[in-house]
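# Geometric and topological summary
Residues per chain are reported as follows:
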Amino acid sequence: MSALPQAEPTSRFWSPQICSLVPYVPGEQPRIEGLVKLNTNENPYPPSPRVIEAIARAASEGLQLYPDPSSSALRGAIATACGTTLDHVFAGNGSDEVLALAFHAFFRHGMPLLMPDISYSFYRVYCDLYGIEPECVPLDAQMRVDVSDYARASGQVSGVVIANPNAPTGIALPLADIERLLLAHPGRVVLVDEAYVDFGAESALALVDRHPNLLVVQTLSKSRSLAGLRVGFAIGQRHLVEALERVKDSFNSYPLDRVAQAGAQAAFEDVAHFERTRRAVIDSRDTLAAALARLGFEVLPSAANFLFVRHRAHDAAMLAARLRAQAILVRHFRIPRIEQYLRITVGTPAQCDRLVAVMAQLLA
Ligand code: PMP
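Residues numbered from 1 in each chain as written. Predicted model: local features only at pLDDT ≥ 70, side-chain atom pairs only at ≥ 80, totals over all residues. Heavy atoms only, no water.

## Some words on the overall build of the chain
- For the chain, the helix and strand inventory stands at 11 helices and 12 strands.
- Relative to its length of 364 residues, the chain is compact, with a C-alpha radius of gyration of 21 Å against a globular reference of 21 Å.
- Looking at the 364 residues of the chain, the share that counts as buried comes to 52%.
- Taking all contacts inside the chain whose residues are at least 6 apart in sequence as the whole, residues at least 24 apart take part in 74%.
- When the accessible area of the chain is evaluated, it comes to approximately 16900 Å², of which 54% is carbon and sulfur surface.
- The chain carries 34 positive and 37 negative side-chain charges, and their two centres are separated by 4 Å. (Helix = DSSP H or I, 4+ residues; strand = E, 2+ residues; numbered from the N terminus. Rg over C-alpha atoms; globule rule 2.2 N^0.38 Å. Buried < 20%, exposed > 50% of the residue type's maximum accessible area, 1.4 Å probe, protein only. Contact = heavy atoms within 4.5 Å. Areas by Shrake-Rupley, 256 points an atom, 1.4 Å probe, with all protein chains shown as cover. Lys, Arg positive; Asp, Glu negative; His and termini not counted. Charge placed at Lys NZ, Arg CZ, Asp CG, Glu CD.)

## Brief notes about the packing of aromatic side chains
- Across all of its chains, the model carries 12 aromatic pairs by this definition.
- Measuring from centroid to centroid gives 5.2 Å for Phe103 and Phe107, while their planes differ by 85°, and the two rings are edge-to-face.
- On the accessibility criterion, Phe103 (0% relative accessible area) is buried.
- For Phe107, a relative accessible area of 1% corresponds to the buried category.
- Pairing Tyr120 with Tyr123 gives two aromatic rings, centres 5.5 Å apart and planes at 85°, and the pair type is edge-to-face.
- Judged by its relative accessible area of 0%, Tyr123 falls in the buried class.
- What links up through ring pairs into an aromatic cluster is the set Tyr24, Phe103, Phe107, Tyr120, Phe122, Tyr123 and Tyr126.
- Directly above the aromatic system of Phe274 lies the positively charged group of Arg224, at a separation of 3.8 Å from the ring centroid.
- Across the ring face of Phe306, the terminal group of Arg343 is positioned such that the distance to the ring centre comes to 5.8 Å. (Phe/Tyr/Trp six-rings, centres within 6.5 Å; stacked < 30°, edge-to-face > 60°. Lys NZ or Arg CZ within 6 Å of the ring centre and 35° of its normal.)

## A word on the pattern of salt bridges
- Counted under the stated rule, the structure contains 13 salt bridges.
- With a closest N to O distance of 3.2 Å, Arg337 and Asp117 form a salt bridge. Residue Arg337 is located in the loop between strand 11 (328–330) and strand 12 (342–345), and its partner Asp117 is located in the loop between strand 3 (113–116) and helix 5 (122–130); the two are separated by 220 residues in the primary sequence.
- Judged by its relative accessible area of 34%, Arg337 falls in the partly exposed class. (Salt bridge = Lys/Arg side-chain N within 4 Å of Asp/Glu carboxyl O.)

## Digging into the layout of surface pockets
- In this model, the second largest pocket occupies a volume close to 230 Å³.
- Lining of the second largest pocket is provided by 14 residues; of these, Ala81, Cys82, Asp198, Arg224 and Phe274 occupy positions nearest its centre.
- For the lining of the second largest pocket, the elements supplying multiple residues, two or more each, are helix 3 (72–82) and helix 9 (271–294).
- Per-element tally for the lining of the second largest pocket: the top contributor is helix 9, with 4 residues.
- Tallied by class, the residues present in the lining of the second largest pocket amount to 8 nonpolar, 2 polar and 4 charged.
- Three or more residues apiece are contributed to the lining of the second largest pocket by two domains, here domain 1 (26–46 + 272–363) and domain 2 (49–269). (1 Å grid on protein atoms, 1.4 Å probe; cavity = no way out; pocket = protein on both sides within 12 Å on 5 of 7 lines; lining within 4 Å. Points joined across faces, edges and corners; volume = space filled by probe spheres on them. Nonpolar A, V, L, I, M, F, W, Y, C, P; charged D, E, K, R; others polar. Domains from an automatic or database assignment.)

## What about the nonpolar core?
- The biggest cluster of nonpolar side chains holds 51 residues, and the ones touching the most others in it are Leu74, Met143, Tyr150, Ile178, Leu214, Leu220 and Val231.
- For this core, the element with the most residues is helix 8 (residues 258–269), which contributes 6 residues.
- Residues lining this core come from more than one domain, with at least three contributed by each of domain 1 (26–46 + 272–363) and domain 2 (49–269).
- The contacts of Met143, once residues within four sequence positions are left out, are Thr169, Ile171, Leu300, Phe308, Arg337, Ile338 and Tyr341. (Core = buried A, V, L, I, M, F, W, Y, C linked by side-chain atoms within 4.5 Å.)

## A short note on the site of the ligand
- Around the ligand sit Gly94, Ser95, Asp96, Tyr120, Ala167, Asp193, Ala195, Tyr196, Thr219, Ser221, Lys222 and Arg230, and those are all the residues in its vicinity.
- Contacts to the ligand include Thr219, whose side-chain N or O atom sits 2.6 Å from an oxygen atom.
- For the ligand, the accessible surface in isolation is 400 Å², of which the surrounding protein chains cover 91%.
- In terms of residue count, helix 4 (residues 94–106) provides more of the shell around the ligand than any other element does, 3 residues in total.
- When the residues that make up the shell around the ligand are grouped by side-chain class, the tally is 4 nonpolar, 4 polar and 4 charged. (Near = heavy atom within 4 Å. Polar contact = N/O pair within 3.5 Å; in protein donor to acceptor, adjacent residues only side chain to side chain.)

## So, a nonpolar patch on the surface
- Taken together, the side chains of Phe13, Trp14 and Ile18 present a nonpolar region at the surface, about 320 Å² in accessible area.
- Counting through the fold element by element, Trp14 comes out in the segment before helix 1 (16–20).
- According to the relative accessible area criterion, Trp14 is partly exposed, its value standing at 41%. (Patch = residues over 30% accessible without salt bridge, like charges linked within 9 Å, V, L, I, M, F, W, Y side chains within 5 Å.)

## Focus: the packing of helix 3 against helix 8
- It is the contact of helix 3 with helix 8, at a shortest axis distance of 9 Å, that shows an interaxial angle of 20°. Comparing the axis directions of helix 3 and helix 8 gives the class roughly parallel. Handedness of the helix 3/helix 8 crossing: left-handed. Two secondary-structure elements touch here, helix 3 through Ala73, Leu74, Ala77, Ile78 and Ala81 and helix 8 through Gln261, Ala264, Gln265, Phe268 and Glu269.
- In terms of residue class, the contact of helix 3 with helix 8 is built from 7 nonpolar, 2 polar and 1 charged. (Axes fitted to C-alpha atoms, helices over the stretch in contact; angles between N-to-C directions. Parallel < 35°, antiparallel > 145°, perpendicular 65-115°, else oblique. Left-handed = near helix turned anticlockwise from the far one by under 90°.)

Structural data, given as structure tokens:
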């Protein structure tokens, strides 16, 4: 048999823009026996049993057929849970996809997009992909968003994107501050990414009816324990939802498969499970925050399912590596300004206890 031809340098075939892309790097998902996995802000509890039943039913009937392209039943369940109507809801394959479609639909005006300098790093990746210039507004000395730093002359920006609570700090903005942003930029979309809102922040959903420029994005990956199903959604006035539908239907008409639509719908219908698990995570977060503070960590006030902490005397990268050696994963970012912080996802009480016990040994 003749030898396989030498591989061509891949870049010869790439579109020019692809060569300069720096893609997002998600937190690792290793398969290690007994791992305490506190690095990617997943929920430590499984989803509602009703989700599993709905998924099994969906998988056993109709997979030979395409799903509903507009996810109507799911959007109806989301609308009911969020106190709005189906035509104000857009559903996508994880909120990452919803964000990507929104950046494409709303922020390509040839002007800078305002965002915090420390925030969800995927925002800058979308900017790069779509040729949007990010303007990164520094968090203040307490690592907070100060909305007065977002004032600009009318028409000088392409929009604003804010995670509330912010990631990775976990710090939440009050609704009055979100409203100030909306009023400061009436001609542009203000996108509020509420991936973690159910763990303690005020949702901007209450402002949607009054503000035609507000788009709220949420996910089922965190508070509904469905990171593996990939479902996110946006809520805004009809003209914004229609823009997202136009981009979606120019890209992929069926982003949500039958299994995901059925499972996500069931998740919204089991309110008791949602409330119970969300409360358990909030309680563990507060216990963990107190325990880490006792070990000498500065703990930022978190309204999310993670804590952002730094130790006064110990290097964060070293701590992350030593925890890893003991099968505990936390997230460390080699990013200026936050390289001495660790982002620790809130686990079950047993996982949190293990983290605290190992951390206490490391610090001793
Ligand atoms: N927004 C923020 C702030 C996040 O941290 C994440 C999770 N990495 C997402 C959006 C995306 O979540 P998903 O795609 O799982 O819905």
